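# Chain and residue survey
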Amino acid sequence: QVQLVESGGGLGQAGGSLTLSCAASGSTFSIYAMAWYRQAPGKQRELVARISSSGTTYYKDSVKGRFTISRDNAKNTVDLQMNSLKPEDMAVYYCYATTGPRGEYWGQGTQVTVSS
């Protein structure tokens, strides 16, 4: 089992920056990928950024060049640095970790609000 606890988020201004952090505990040795998802009101949850245990990253097109995902395997943390925020980035952001096909874990979610 893996537990994920998010921090950060809150209110940011359009064009500004926010950083989300996620700390994993439990069977962290078995995690091979971590990610950030988001869900805006009335919309489906979507993948924002993903990072493998080797550091390979993936970004949703709309956040490329603005968001950076990073991972500290020693500390079992994953961060999402969000720059040049846009109103459409406003959503509940969820930390995600996977240990394989039968192991998917989610954080409780953290609200990101962007004021224009």
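The text that follows walks through the structure, step by step, so that each part is easy to find.

About the cut-offs
Each chain has its residues counted from 1, following the order in which its sequence is written. Only residues with pLDDT of at least 70 get local features here, since the model is predicted, and only at 80 or more are side-chain atom pairs given and counted; chain-wide, interface and lining totals rely on the full set of residues. Processing note: side-chain calculations cover all non-hydrogen atoms of the structure and skip hydrogens and water entirely. The disulfide criterion is simple: two cysteine sulfur atoms within 2.5 Å. Only runs of H or I of at least four residues qualify as helices and only runs of E of at least two qualify as strands under DSSP, and these elements are numbered from the N terminus. Any N or O atom pair separated by 3.5 Å or less is treated as a polar contact, with the protein-specific requirement of one donor-capable and one acceptor-capable atom, and with residues adjacent in sequence counted only for side-chain atom pairs. Whether two residues are in contact is decided by their heavy atoms: any pair within 4.5 Å suffices. In short, DSSP must find at least two bridges between two strands for them to pair. To obtain an axis, a line is fitted to C-alpha atoms, over the contacting stretch when the element is a helix, and the angle between two such axes runs from 0 to 180 degrees between their N-to-C directions.

This next bit is on the state of the cysteines. On inspection of all chains with the given rule, the structure shows one disulfide. A disulfide bridge connects Cys22 with Cys95, and the sulfur atoms are separated by 2.1 Å. Because the sign of the S-S torsion sets the handedness, a value of about -85° for the bond joining Cys22 and Cys95 places this disulfide among the left-handed ones. One end of the pair, Cys22, is in strand 3 (residues 18–26); the other, Cys95, is in strand 9 (residues 91–100), with 73 residues separating them in the sequence.

Relative to the helices and strands, Thr98 is located in strand 9. Reaching out from Thr98, the side chain makes a polar contact with the backbone oxygen of Gly103 at a distance of 3.0 Å. Apart from the residues within four sequence positions on either side, Thr98 is in contact with Ser30, Ile31, Tyr32, Ala33, Arg50, Gly103 and Glu104.

Two modes of strand pairing occur in sheets, parallel and antiparallel, and in both the strands are linked by backbone hydrogen bonds. Strands sit in the order 1-3-8-7 across an open sheet of four strands; the sheet is antiparallel. Each edge of the open sheet is held by one strand with a lone partner, namely strand 1 (2–8) and strand 7 (67–72). For this sheet the average axis-to-axis angle between neighbouring strands, irrespective of direction, equals 15°. Bridge count between strand 1 and strand 3: seven bridges; the pairing is antiparallel. Among the inter-strand pairings, Ser7 is bridged to a residue of strand 3, identified as Ser21.

Glancing now at the side chain of Arg71. Inspection of the secondary structure puts Arg71 in strand 7. For Arg71, the side chain forms a polar contact with the main-chain oxygen of Ile31, separated by 3.4 Å. Here the side chain of Arg71 touches Ser52 through a polar contact of 3.3 Å, landing on its backbone oxygen. In contact with Arg71, not counting residues within four places along its chain, are Ile31, Tyr32, Ala33, Met34, Ile51, Ser52, Ser53, Thr77 and Val78.

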